[in-house]
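Coordinate inspection notes
Chain by chain, the residues run as shown.
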Amino acid sequence: MLSSDRHTRWDEILNQLRRELNSIADEELQWLKQRIALIESVQKQIHTLFLDADGSKACRTCSGSCCEHGHNHITLINVVAALLHNDVPEVDFSSTCPFLTPRGCSLGVNLRPFNCVTFICDHIEAHMNEIQVDEFYRLEKLLRAHYAEVDQRYTGSSPRGLFIGTSRLGTQQLLQRRSI
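Notes on the structure follow.

Conventions and cut-offs
Residues numbered from 1 in each chain as written. Predicted model: local features only at pLDDT ≥ 70, side-chain atom pairs only at ≥ 80, totals over all residues. Heavy atoms only, no water. Helix = DSSP H or I, 4+ residues; strand = E, 2+ residues; numbered from the N terminus. Buried < 20%, exposed > 50% of the residue type's maximum accessible area, 1.4 Å probe, protein only. Expected span 1.5 Å × (residues − 1). Contact = heavy atoms within 4.5 Å. Axes fitted to C-alpha atoms, helices over the stretch in contact; angles between N-to-C directions. Parallel < 35°, antiparallel > 145°, perpendicular 65-115°, else oblique. Left-handed = near helix turned anticlockwise from the far one by under 90°. Nonpolar A, V, L, I, M, F, W, Y, C, P; charged D, E, K, R; others polar. Core = buried A, V, L, I, M, F, W, Y, C linked by side-chain atoms within 4.5 Å.

Comments concerning unusual backbone geometry
You will see that aspartate 54, though not glycine, has its phi angle at about 60°, which is positive. Take aspartate 54: it is sitting in the loop between helix 2 (26-52) and helix 3 (55-62). One non-glycine residue, asparagine 86, lies in positive phi territory at about 55°. By relative accessible area, asparagine 86 is classed as exposed at 72%.

Set out below in structure tokens:
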């Protein structure tokens, strides 16, 4: 998909989600907000482990080369959270990742996709002690479960990312509940 096509699709998704969020039932909105809070809490805990292992320095050293594969990582719940926080960053689909800027990721830790938050390179893991490594993998498993809850609930949610997951939906709503 071309950069301009991705940008057009991004704008369409944002507008569609804004409409859906404006018309969603209160109890469904509360469920979303609760899941977002759970996800954000775990992501912040994982990020603390990353910082404690001097992850920021490691990423600056390699210029975030692992981030060069992030075109499809953002998921439905990440975008919903950004919309609810009124914190949707600018995107650059000509970049290796639309959220990667010269200053790093334009997404706050709480809004980053699962893959981005849970990826730690060998260098970072080597700077963690055994307790931190065990805690990281415990939190990764918990975070995976929170994302899976959202993926199982909504037709527009997929662990493969928002662009890939929505390509098959046609005119279906992204926040439409899946049949049980």
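Comments concerning helix 1 (residues 3-23)
Compared with an ideal rise of 1.5 Å per residue, which puts 21 residues at 30 Å, helix 1 spans 30 Å between its outermost C-alpha atoms and is within 8% of the ideal. Of all the positions in helix 1, only Arg6, Trp10, Ile13, Leu14, Gln16, Leu17, Glu20 and Leu21 are classed as buried. Against helix 2, helix 4 (76-84) and helix 8 (162-166) lie the buried residues of helix 1.

Quick word on the packing of helix 2 against helix 7 (residues 130-153)
For the pair helix 2 and helix 7, the least separation of the axes is 10 Å and the interaxial angle reads 160°. On the basis of the axis angle, helix 2 is roughly antiparallel to helix 7. The hand of the helix 2/helix 7 crossing is left-handed. A per-class count over the contact of helix 2 with helix 7 returns 12 nonpolar, 4 polar and 8 charged.

Some points on the environment of arginine 18
Here arginine 18 is to be found in helix 1. With 66 residues separating them in the primary sequence, arginine 18 and leucine 84 have C-alpha atoms 9.1 Å apart.

So, the environment of histidine 146
Structurally, histidine 146 is set in helix 7. Residue histidine 146 is classed as buried on the basis of its relative accessible area of 10%. Look past the residues within four positions of histidine 146 in its chain and what remains in contact with it is Leu38, Ile39 and Val42.

A few points about the nonpolar core
A general tendency of soluble globular proteins is for nonpolar side chains to be buried together. Core analysis: the biggest nonpolar cluster contains 49 residues, and Trp10, Leu17 and Leu175 have the highest contact counts within it. Among the elements of the structure, helix 1, helix 2, helix 4, helix 5 (114-118), helix 7 and helix 8 are those that each provide at least two residues to this core. With 9 residues, helix 2 is the single largest residue contributor to this core. Every residue in contact with leucine 17, bar those within four places of it in the chain, is listed here: Leu76, Val79, Val80, Leu83, Leu174 and Leu175.

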